Amino acid sequence: MKAVVLISGRGSNMEALLKAGLPVEFACVISNRPDAQGLAVAAGLGVATAVVDHKGHDGRAAFDAALAAEIDRHAPDLVILAGFMRVLTTDFVRRYADRMINIHPALLPAFPGLHTHARALAAGVRVHGCTVHFVTPEVDVGPIIVQAVVPVLADDDEASLAARVLAQEHRIFPLAVRWFAEGRLHVGADARVRVDGVA
Ligand code: GRF
């Protein structure tokens with residue numbers, strides 16, 4: 001199975017995927033930012049990298065077309081959004097329907113969007129976490145593949161909570177990619193995901 005990983009920054013989730021020993025050929029890591037730290041990490045692990053700079057394109061549709069062209073060069077079975085911070089057009093999302101997944105640092109459907117850890121603290125929730133889901137045109141709404149829960153502790157600040165969640169992101173993202181690679185994920189008509197071999 002061949003995958004392409006899209007990043008925008010640090011790339012720690014990407015790194016966790018590349019180092020997880022998955023039955024996956026990582027054809028390319030693509031960043032929309034030329035200064036993304038994760039590009040050097042990927043190159044250091046021997047994975048090809050590319051930049052499709054959103055600044056070089058006039059509008060979302062033009063950027064998404066350039067991004068799709070770069071992705072399609074590799075003919076991936078799976079497109080992985082690993083801290084990719086651009087909202088994608090409906091056309092782009094439809095092109096990769098059922099073969100594009102994202103990690104979100106909250107327990108969806110709670111806290112879609114940005115600043116999830118600060119919002120979780122402000123809401124006073126006792127548990128928080130992360131979600132891997134299929135990408136659909138509406139942001140952070142697609143069928144949920146796997147989630148991990150962490151406690152919110154009394155003395156947590158945004159950084160401590162983010163670190164606790166991130167450790168779980170690095171655990172469940174490789175799990176979801178493995179399930180996809182093994183052909184074990186099935187999205188029902190009700191948009192619920194069934195995982196073969198998982199109750
Ligand atoms: C992660 O928390 C991810 O869930 C969110 O952005 C962060 C990216 O971190 N979308 P990294 O680039 O994977 O280190």
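This is a predicted model, so every value here is computed, not measured.

About the criteria used
- Residues numbered from 1 in each chain as written.
- Predicted model: local features only at pLDDT ≥ 70, side-chain atom pairs only at ≥ 80, totals over all residues.
- Domains from an automatic or database assignment.
- Helix = DSSP H or I, 4+ residues; strand = E, 2+ residues; numbered from the N terminus.
- Nonpolar A, V, L, I, M, F, W, Y, C, P; charged D, E, K, R; others polar.
- UniProt positions renumbered as here; feature names shortened; annotations may be inferred.
- Contact = placed C-beta atoms within 7 Å.
- Core = buried A, V, L, I, M, F, W, Y, C linked by C-beta atoms within 7 Å.
- Buried ≥ 20, exposed ≤ 12 C-beta atoms within 10 Å, placed from the backbone.
- Expected span 1.5 Å × (residues − 1).
- Arc of directions from axis to C-beta.
- Pairing = 2+ DSSP bridges.
- Axes fitted to C-alpha atoms, helices over the stretch in contact; angles between N-to-C directions.

A closer look at the domain arrangement of the protein chain
By the assigned domains, the protein chain splits into domain 1 (1-96) and domain 2 (103-199). A straight line from the C-alpha centre of domain 1 to that of domain 2 covers 20 Å. Elements that contribute at least two residues to the side of domain 1 that touches domain 2 include exactly α1 (12-18), β4 (78-81) and α4 (90-95). Sorting elements by how many residues they give to the side of domain 1 that touches domain 2 places α1 first, with four residues. For the side of domain 1 that touches domain 2, the residue count by class is 13 nonpolar, three polar and no charged.

A few points about the UniProt feature "active site" (unreviewed entry) in the protein chain
The positions UniProt marks with the feature "active site" (unreviewed entry) are His-104. Within the secondary structure, His-104 sits in strand β5 (residues 100-104). Apart from residues no more than four positions distant in its own chain, His-104 is found in contact with Cys-130, Thr-131, His-133 and Asp-140.

Brief notes about the nonpolar core
One finds Val-5, Leu-6, Leu-17, Ile-80, Ala-82, Ile-101 and Ala-176 to be the most contacted residues of the largest nonpolar core, which totals 53 residues. Element by element, the count of residues in this core is highest for helix α6 (residues 158-181), at seven residues.

What about helix α3 (residues 60-73)?
With 14 residues, α3 ought to run about 20 Å at 1.5 Å a step, and its terminal C-alpha atoms sit 20 Å apart, in line with that. Taken as a whole, α3 has its buried residues at Phe-63, Asp-64, Leu-67 and Ile-71. In an axial view of α3, the angular spread of the buried residues amounts to 95°, which keeps them on one side of the axis. Along α3, the residues that are exposed and aim more than 90 degrees away from the buried face are Ala-61, Ala-62, Ala-69, Asp-72 and Arg-73. Looking at the buried side of α3, the elements it contacts are β1 (2-7), β2 (25-31), β4 and α4. Ala-75, located one to two residues past α3, shows a positive phi value of around 45°.

Some remarks on the pairing of strand β6 (residues 127-134)
In terms of burial, β6 is a largely internal element, seven of the eight residues being buried. Where β5 meets β6, four bridges bridge the pair, whose relative direction is antiparallel. Opposite Ile-103, over in β6, you have Val-132 as the bridge partner. Of the strand pairs in this sheet, β6 and strand β7 (residues 144-151) are connected by seven bridges, and their pairing is antiparallel. Bridging across to β7, Cys-130 finds its partner in Ala-148.

Remarks on the sheet that holds β1
Across the sheet, which stays open at both edges, the seven strands sit in the order β3-β2-β1-β4-β5-β6-β7 with mixed pairing between neighbours. Only two strands of the sheet have a single partner each, and these edge strands are β3 (49-51) and β7. When the angles between neighbouring strand axes are averaged without regard to direction, this sheet yields 20°. Both β1 and β2 contribute to a ladder of six bridges, which runs parallel.

Concerning the environment of Ile-144
On the secondary structure map, Ile-144 appears in strand β7. For Ile-144, a count of 18 C-beta atoms within 10 Å corresponds to the partly exposed category. Between the C-alpha atoms of Ile-144 and Asn-102, which are 42 residues apart in sequence, the distance is 9.8 Å. Other than its neighbours up to four places away in sequence, Ile-144 contacts Leu-108, Thr-131, His-133 and Val-193.

So, unusual backbone geometry
Following Leu-108, the chain continues to Pro-109 via a peptide bond in cis, the omega torsion being 10°. Mapping Pro-109 onto the fold places it in the loop between β5 and α5 (116-123). Of note, the phi angle at Asp-98 is positive, near 65°, even though the residue is not glycine. Mapped onto the elements of the fold, Asp-98 is located in the loop between α4 and β5.

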